[in-house]
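Coordinates in review
Letter by letter, the chains look like this.
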Amino acid sequence: MARPGSDPSQSAAHTKWRWRKELLSERRRVPAAVRFSEAISLSTHLTSGRIVRPGQTVCAYVPIGSEPGSAQMLEDLAEFGARVLLPVVTGDGPLDWGWYQGKDSLRPGPYGLREPIGELLGSFALRIADLVLVPALAVDRNGVRLGRGAGHYDRSLADTATGTHLVAVVRDQEIFEALPTEPHDIRMTAVLTPNRGLLRFA
């Protein structure tokens, strides 16, 4: 399928919109059985001991719609011994964070999200993370991530401590040579896919 081009007469924001439209359409066509299998693979990679270690703090997310992953992935991380933080949308600013305390500790949030019940830790809780799993529609080989466009993660990831691994989670087909980028975009340090596992960016 032809991808949106790099027509210099189009702004990066407009080109991103076109990419999002195509990628979301493609994700919706992925059979449920394939998404289920890919979610198991992602969880297996994360709990293999090569990406996350017991005792580490992982900022994760509850997938919605056709996003890669599953709520079971959070349970697997917790059982593996990781401490799991989940994002909470409180407005247009950076994300707030709360601890994952099991499947029954989630409530509906904005944009169809599921968020943790309990004390909010503030946006700077991100600084205690060893690794941040970042939902994405696509990523390129320079670490440029394409999100859904709300900007919550770009406003939040600037608060991570030096050395924190920022890992975009996408399907294997969603890694590209180059994506449109803007100055506020935060680059990823790695990408995680179901079949290729963790790929680090130079």
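Our subject in this report is the structure included herewith. This is a predicted model, so every value here is computed, not measured.

1. Brief notes about the overall build of the protein
A count of helices and strands for the protein gives four helices and 12 strands. Taking 17 Å as the expected radius of gyration for a compact globule of 202 residues, we find that the protein reaches 16 Å, a close match to that expectation. Seen through its C-alpha atoms, the protein measures out along the principal axes to roughly 50 × 35 × 35 Å. A buried classification covers 48% of the 202 residues belonging to the protein. Within the protein, contacts between residues at least 6 apart in sequence are counted, and of these 66% link residues at least 24 apart.

2. Quick notes on the sheet that holds strand β2 (residues 83-88)
Whenever strands of a sheet pair, they do so through backbone hydrogen bonds, lying parallel or antiparallel. Strands sit in the order β3-β2-β1-β6-β9-β11-β12 across an open sheet of seven strands; the sheet is mixed. Two strands close off the open sheet at either side, each with one partner strand: β3 (96-99) and β12 (197-200). Geometrically, the sheet is characterised by an average inter-axis angle of 25° between neighbouring strands, direction not taken into account. Two elements, strand β1 (residues 57-59) and strand β6 (residues 131-135), share two bridges in a ladder whose sense is parallel. Residue pairing across strands places V58 opposite L131, the latter belonging to β6. Of the strands in this sheet, β6, β9 (165-169), β11 (190-193) and β12 are in contact with helix α2 (residues 32-46), which crosses β11 at around 130°.

3. Focus: the layout of surface pockets
One number sums up the size of the second largest pocket: a volume of about 180 Å³. Broken down by secondary-structure element, the contributors of at least two residues to the lining of the second largest pocket are α2 and α3 (71-80). In terms of residue count, the dominant contributor to the lining of the second largest pocket is α2 (five residues). Partitioned by chemical class, the residues of the lining of the second largest pocket number five nonpolar, five polar and three charged.

4. So, the packing of aromatic side chains
The relation between two aromatic rings is expressed through the spacing of the ring centres and the mutual angle of the planes. Summed over all chains, the structure comprises one aromatic pair. For the pair W19 and F176, a centre-to-centre distance of 5.0 Å together with 75° between the ring planes defines the contact as edge-to-face. Here the residue W19 occupies a position in helix α1 (residues 12-28), and F176 occupies one in strand β10 (residues 175-176), the gap between them amounting to 157 residues. For W19, a relative accessible area of 5% translates into the label buried. In this structure F176 comes out as buried when scored by relative accessible area, which is 13%.

Criteria and cut-off values
- Residues numbered from 1 in each chain as written.
- Predicted model: local features only at pLDDT ≥ 70, side-chain atom pairs only at ≥ 80, totals over all residues.
- Heavy atoms only, no water.
- Helix = DSSP H or I, 4+ residues; strand = E, 2+ residues; numbered from the N terminus.
- Rg over C-alpha atoms; globule rule 2.2 N^0.38 Å.
- Buried < 20%, exposed > 50% of the residue type's maximum accessible area, 1.4 Å probe, protein only.
- Contact = heavy atoms within 4.5 Å.
- Pairing = 2+ DSSP bridges.
- Axes fitted to C-alpha atoms, helices over the stretch in contact; angles between N-to-C directions.
- 1 Å grid on protein atoms, 1.4 Å probe; cavity = no way out; pocket = protein on both sides within 12 Å on 5 of 7 lines; lining within 4 Å.
- Points joined across faces, edges and corners; volume = space filled by probe spheres on them.
- Nonpolar A, V, L, I, M, F, W, Y, C, P; charged D, E, K, R; others polar.
- Phe/Tyr/Trp six-rings, centres within 6.5 Å; stacked < 30°, edge-to-face > 60°.

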